[in-house]
Amino acid sequence: MNFFKISGYFIIASVLFMACESDYYPKPTGYNRIDLPNHQYEALPDSFPFSFEYSVHAKILPDSSYIRERYWFALFYPEFVAEIHITYKPLHNNRDSLRTNIDDAYKLTTKHQIKASSIQETIMVTPNGKKVSLAELKGDVPSQFQFYTTDSTTHFLRGALYFRTATENDSLAPVIEYVKKDIIHSLNTLEWN
């Protein structure tokens, strides 16, 4: 009986001794691997009252909302499950229509204030002299980047970036930056028809 007791203690001691010898190193937090393709662009079809170059990695999808209008569409990135919603409004030289559309653009951006940690608004001037109002939203928001531009008399164009995914925005940061570069390229090549 004494032999079994001693061998039991020996087994327990050796297991504890072996467990204490190995070093434990915590593993770093993992992130999704996101392979970003090279930026390449093609011209928007000429059936719109405006033209610009958009990413060849995006598909043009018709707007599916119940309030859609003729020139509303989405640039859908299937690889990222991201969409840039584009809305266009003709102004018909109506100052009230211009003010209404600008107010609507600000209202749609400020709806995200509840979840946004910051909203940074800037004015960009394109190479051909168009002024674009850009809004970059930080935090756990559904739309991370929005913009609008107008010629003040005839055209008003607005866009917003959305992701159809539950992935956190900090993990999506490289994709947000990638699509943001595509948006800026589109705005820099924008022409009114």
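Preceding block: the structure.
Basis of the calculations
Think of each chain on its own: its residues are numbered from 1, step by step along the sequence as written. Whole-chain, interface and lining totals are the exception, using all residues; otherwise, since this is a predicted model, local features are given only for residues with pLDDT of at least 70 and side-chain atom pairs are given and counted only at 80 or more. Where side-chain values are given, they derive from all heavy atoms of the structure, hydrogens and water being excluded. Think of it this way: any DSSP run of H or I at least four residues long counts as a helix, any run of E at least two long counts as a strand, and we number them from the N terminus. One less than the number of residues in a helix, times 1.5 Å, gives the span that helix is expected to have. Burial status follows relative accessibility: with a 1.4 Å probe on protein chains alone, a residue under 20% of its type maximum counts as buried, one over 50% as exposed, and anything between as partly exposed. By construction, the arc corresponds to the directions joining the helix axis to the C-beta atoms. Two residues form a contact once any of their heavy atoms are found within 4.5 Å. The definition of a polar contact used here is a pair of N or O atoms within 3.5 Å, where within protein one atom must be able to donate a hydrogen and the other to accept one, and adjacent residues in sequence count solely through side-chain atom pairs. Side-chain atoms within 4.5 Å are what join buried Ala, Val, Leu, Ile, Met, Phe, Trp, Tyr and Cys residues into a set we call a nonpolar core.

Caption draft 1: Summary view of helix α2 (residues 95-110). Over its 16 residues, α2 extends 23 Å from the first C-alpha to the last, a length consistent with the 22 Å expected when each residue adds 1.5 Å. Regarding α2, the residues found buried are Leu98, Asn101, Ile102, Ala105 and Thr109. Buried residues along α2 cover an arc of 95° about the axis, so they all sit on one side. The exposed set on the far side of α2, more than 90 degrees from its buried face, consists of Asp96 and Lys107. Its buried side turned inward, α2 meets β6 (82-90), β7 (116-125), β8 (131-139), β9 (143-150) and β10 (155-163). The residue sitting at the N-terminus of α2 and contributing the capping side-chain oxygen is Asn94; that oxygen lies 2.8 Å from the backbone nitrogen of Asp96.

Caption draft 2: Molecular detail of the nonpolar core. The biggest cluster of nonpolar side chains holds 32 residues, and the ones touching the most others in it are Phe50, Ile84, Leu161 and Val179. When residues of this core are assigned to their parent elements, the largest contribution, seven residues, is made by helix α3 (residues 169-188). For Phe50, the contacting residues outside a window of four places in its chain are Leu44, Phe73, Ile86, Tyr88, Leu157, Leu190, Glu191, Trp192 and Asn193. Listed in part, the six residues of the second largest apolar core include Leu98, Ile102, Ala105 and Phe156.

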